[in-house]
Each structure stands twice: as structure tokens, then as C-alpha cells.
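# Structure at a glance
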Amino acid sequence: MDTGTHVVMGVALGGLATLDPVVQSDPALFNAVLAGTMIGSQAPDFDTILKLKNNAVYIRHHRGITHSMPAVIFWGLALSGLIYAFVPEVSFLHLWLWTFFAVIMHVFVDVFNAYGTQAYRPFTRRWVAYGFINTFDLYIFLMHIAGIVAWNLGANPGYTWLIIYFVIALYYVKRYFDKREMVKIIHEHFEHVEQIATSPTMKQNNWRIAITTANHYYVGKAENGHIVILDEFPRQTIPMDEPAMVRALEDHNIKAFLSFSPVYRFEMTYYNEHTEVRFIDLRYRSRGRYPFVAVAQIDDSTLEIMNSYTGWVFTEEKLKTKLDPIPADS
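The residue numbering used here restarts from 1 in each chain and proceeds along that chain's sequence as written. Only residues with pLDDT of 70 or above have their local features reported here, since the model is predicted, and side-chain atom pairs are shown and tallied only from 80 upward, although totals for entire chains, interfaces and linings are computed over all residues. Water and hydrogen atoms play no part in the side-chain values, which are based on all heavy atoms of the structure.

### Topic: the overall build of the chain
Helical segments are the DSSP runs of H or I of at least four residues, strand segments are the runs of E of at least two, and each set is numbered from the N terminus. Looking only at helices and strands, one finds eleven helices and eight strands in the chain. If you line up the chain on its principal axes, its C-alpha atoms span 75 × 45 × 35 Å. Categorising residues by exposure relies on relative accessible area from a 1.4 Å probe, with only protein chains included: less than 20% of the type maximum marks a residue as buried, more than 50% marks it as exposed, and the intermediate range marks it as partly exposed. For the chain, with 330 residues in total, the buried portion stands at 49%. The contact criterion used throughout is that any non-hydrogen atoms of two residues lie within 4.5 Å. A sequence separation of at least 24 residues applies to 54% of the contacts in the chain between residues at least 6 apart. Entry remark: accessible area of the chain is about 16500 Å², with carbon and sulfur atoms responsible for 61%. We count Lys and Arg on the positive side and Asp and Glu on the negative side, and we leave His and both chain ends out. By convention, charge coordinates are those of NZ in Lys, CZ in Arg, CG in Asp, or CD in Glu. For the chain, the separation between the mean place of its 27 positive charges and that of its 31 negative charges on side chains is 4 Å. A 1.4 Å probe and the Shrake-Rupley method give the accessible areas. Residues count as covered only by the protein chains that appear here.

This is the structure:
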């Protein structure tokens, strides 16, 4: 989920903790637990700092090891231990339990959007992305805001958040069945379907879809249960007999893209003195474009990587600013 949603979830879990009699009866412990749930709800995303290095490192590792099972255990112990050092008079067990729960909830809710996490690591490095909750879901966010307002107006925090989270759980169930019905329709209308990538949008009944079959990729949208195909591409095999492609696959930006994107196509553009290899993620079609890409420019004579980039690019002009200037030879 987005940072804002994780923030309000931290507040919510702090309120939910008042159902614990030990927390409810000890103001110092409540304050420590609230700090733990607030920080714990953010901790797995501390890897956002990798953006300072470069996009490739960030894309390859964000929601990776920091969302893994060992990391969840580490965050729970480390954060509660740090807070406990400042308030050693409180119950460490209850502080740890609620902090640990906040970390678990962060990773748990992240697996339901299209980006996903490596939540099952170290058993597998597969990205877990169930794709039926938007990264920012307005309904979930507003329900949290309503709970915070009610709490400030004097409502019992424990029971308030218990009710709200029950409603949110029902909402997740609804979204799951929405996706299942959509997947059923796709299987009825397409043969040899191998994979379906879904991305919910801000609109409740609108979805982005990318379908992989034996011979084609189909990109489209689902609106109120109706599937509309917007683009169709033939299934591609990476040409390993192309030296420029082989060299591009060694680039760190291309590697990062391929480690993350399950549905993509590629283009090779030949200029006078260099070849451009571009990989295009098909999950994020926006206004007729596919903005999540990886690009490598290969010198034809030396096969050196001249420039490369991976990330979100919404115009060709923007991409040119991301790549170092090269001689115009086309």
C-alpha cells in the first residue's frame, strides 16, 4: 500500500491495542505500543532509501528482503527493543506483540496489490502480487480516516477499529470475488491462457488487465464485468543470436526490470552506430502508452553499453533526459 495508508494503519492498530487489558491499563505502555505500531507499519518500506542509489537497485530490492519472513521477525524485535530501551518499565511482551503485528500487517496488505512483495522469502523469491486491491484504495483510506475522527470524538478505540477492520475484511472478500469473476470471463473468451495480471484502478469497477496466452499478449481493461482489449502483441522469444540483445541482458537496469516484470514485450531499434533495446511492461497501460520500461543503448562496433535506464517514463522527451546524450546518428 502507499505510505499514507500505512500511516493511518499504524494509528488504527494502536487503537486496536486498547482491547488488550494490559495495554489499556497502562498509559506508558499504550504510548509505547502506539509508537511501535506507527513505526512498525512503516518499517518494511525503509528500503525506499535505495532510491538514492539508483532506480535499478530500488526496483530490484524494494519490497524484497525487507518484506521477507526473517525481516518481519527482525523488525518486530528490533523496533520493540529500541522503544523498550526508553521505557523499560513497560511490558516488553505486549510491546513486542503489537509492534510485531503492525509489521506483519504491513507485509500482509502489500501482497494484495499489483506490485506485490517477496513475502515468502527465503522459501521462494517469487513476487506475490494478488492484484485485487489498489496500491492506494480510497475506500480503505477513508475508512481509516473515519475511525481516527471517531476516536478523537470520544468513541471507544478498540471497538471502533474492530468494527472498521471487520468491514475492511468484507471489502477484501468482495474485491477477491470481483477479480475471480473477471478471471472466469477471460478464460471463457480466450484459449490457452497462461497468466492474467490484474491491476485495480482508482475506480471501483475498472481494472487494467494483461493476458498471456500461448501465442499472444492481450492488454485491455475490464469495466463493470465487460472485457475490452486495447492492444494485442505476438508472443516474443528473446533473440539470443543478436549480440546487442545478449549484451543488453547483462546491463543492471535491464536485469532489474526483468526480475520484477512478469509480462513484457521488447523492441530493438537499429541506428547508424548503435542499437537500442527496450523492454516494456504491459501491466501499466496509461493513456495509450506503457510508461514502465527499461532501455539500453549498445554501441554496434564495441558492444559497450553506452547508456541505460529503467523506471517510469511518460514521454520520449522525458526518456531522453534520463539517458546521457549520445551522438545523433539516425
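### Section: the packing of aromatic side chains
Aromatic contacts are taken between Phe, Tyr and Trp rings whose centres are within 6.5 Å, Trp giving its six-membered ring; a plane angle under 30 degrees counts as stacked, one over 60 as edge-to-face, and the others as tilted. The final tally for this structure, using the stated rule, is 28 aromatic pairs. Aromatic pair Phe257 and Tyr264: ring centres 6.0 Å apart, planes at 75 degrees, arrangement edge-to-face. By relative accessible area, which is 21% here, Tyr264 ends up partly exposed. The interplanar angle of 70 degrees and the centroid separation of 5.7 Å between the aromatic rings of Tyr264 and Phe279 together place this pair among those described as edge-to-face. Here Tyr264, found in strand 5 (residues 264–270), pairs with Phe279, found in strand 6 (residues 274–281); they are 15 residues apart in sequence, far enough to count as distant. Three or more aromatic residues joined by ring pairs form one cluster here, namely Trp127, Phe257, Phe260, Tyr264, Phe266, Phe279, Tyr284, Phe292, Trp312 and Phe314.

### Examining the pattern of salt bridges
A pair is scored as a salt bridge if a Lys or Arg side-chain nitrogen falls within 4 Å of a carboxyl oxygen belonging to Asp or Glu. Throughout the structure, instances matching the rule amount to eleven salt bridges. As a salt-bridge pair, Arg265 and Glu267 come within 3.0 Å of each other at their nearest N and O atoms. Look at Arg265 and you get buried, because its relative accessible area is 16%. We classify Glu267 as partly exposed; its relative accessible area is 31%. Residues Arg278 and Glu316 are paired through a salt bridge, measuring 2.8 Å at the closest nitrogen-oxygen approach. One end of the pair, Arg278, is in strand 6; the other, Glu316, is in helix 11 (residues 316–322), with 38 residues separating them in the sequence. A relative accessible area of 12% means that Arg278 is categorised as buried. Through salt bridges with shared partners, a single ionic network connects Glu276, Arg278, Arg289 and Glu316.

### Some points on the UniProt feature "transmembrane region" (unreviewed entry) in the chain
UniProt positions are given in the numbering used here, feature names are shortened, and annotations may be inferred rather than shown by experiment. As recorded in UniProt, the feature "transmembrane region" (unreviewed entry) lies at residues 69–87, 93–115, 127–153 and 159–177. Regarding residues 69–87, the helix share stands at 95% and the strand share at 0%, and the terminal C-alpha atoms are separated by 27 Å. A helix fraction of 56% and a strand fraction of 0% characterise residues 127–153, whose end C-alpha atoms lie 41 Å from each other.

### Concerning the pairing of strand 4 (residues 226–234)
What makes two strands pair is DSSP finding at least two bridges between them. Sheet topology places strand 3 (residues 216–223) next to strand 4; eight bridges connect them, and they run antiparallel. Within strand 4, the residue paired with Lys221 across the bridge is Val228. Connecting the antiparallel pair strand 3 and strand 4 is a turn made up of two residues, with Asn224 showing a positive phi of about 50 degrees.

### A few points about helix 6 (residues 92–110)
Look at helix 6: 27 Å from first C-alpha to last across 19 residues, which is about the 27 Å you get at 1.5 Å a residue. The set of residues buried in helix 6 consists of His94, Leu95, Trp98, Thr99, Phe100, Ala102, Val103, Met105, His106, Val107, Val109 and Asp110. Tucked inside the fold, the buried residues of helix 6 contact helix 1 (3–16), helix 2 (21–24), helix 3 (27–40), helix 5 (69–86) and helix 8 (157–189). Given the number of residues in a helix, its expected span is that number minus one, multiplied by 1.5 Å.

### Observations concerning the domain arrangement of the chain
Split into domains, the chain comes out as domain 1 (3–174), domain 2 (192–234) and domain 3 (243–323). Of note, the centres of domain 1 and domain 3, computed from C-alpha atoms alone, are 35 Å apart. Taken together, the seven residues of domain 1 in the interface contact twelve residues of domain 3. Buried surface at the junction of domain 1 and domain 3, both sides included, amounts to about 820 Å², of which 63% is carbon and sulfur. Contact with domain 3 buries surface across domain 1, with Ala56, Ile59 and Arg60 losing the most and accounting together for 55% of the total. At the boundary of domain 1 with domain 3, the tally comes to zero salt bridges. Under the rule applied, a polar contact is a pair of N or O atoms within 3.5 Å (in protein, one hydrogen donor and one hydrogen acceptor; residues adjacent in sequence only if both atoms are side-chain atoms). Linking domain 1 with domain 3 are one residue pair in polar contact (both at pLDDT 80 or more). Classes in brief: Ala, Val, Leu, Ile, Met, Phe, Trp, Tyr, Cys and Pro nonpolar; Asp, Glu, Lys and Arg charged; the others, Gly included, polar. Each residue belonging to the side of domain 1 that touches domain 3 can be placed in one class, and the counts come to five nonpolar, one polar and one charged. Where each domain begins and ends is defined by an automated method or by a domain database. Using a 1.4 Å probe, buried area is obtained as the accessible area two parts lose upon being combined, added over both of them.

### Let's talk about a nonpolar patch on the surface
Patch building starts from residues that exceed 30% relative accessible area and form no salt bridge, then joins like charges within 9 Å and nonpolar side chains (Val, Leu, Ile, Met, Phe, Trp, Tyr) within 5 Å. On the surface, Leu138, Tyr139, Leu142, Ile145, Val149, Leu153 and Met202 cluster together into a nonpolar patch covering about 690 Å² of accessible area. Residue placement: Met202 occurs in the loop between strand 1 (193–200) and strand 2 (206–213).

### Topic: the sheet that holds strand 5
Across the sheet, which stays open at both edges, the four strands sit in the order 5-6-7-8 with antiparallel pairing between neighbours. Looking at which strands have only one partner, the edges of the open sheet turn out to be strand 5 and strand 8 (305–312). Geometrically, the sheet is characterised by an average inter-axis angle of 10 degrees between neighbouring strands, direction not taken into account. Here seven bridges tie strand 7 (residues 292–299) to strand 8, and the two strands are oriented antiparallel to one another. The partner of Phe292 across the bridge, within strand 8, is Trp312. Together, strand 5, strand 6, strand 7 and strand 8 form the strand contacts of helix 10 (residues 252–260), whose direction differs from that of strand 7 by roughly 150 degrees. Note on geometry: axes are lines fitted to C-alpha atoms, helical ones only across the stretch in contact, with angles between N-to-C directions running from 0 to 180 degrees.

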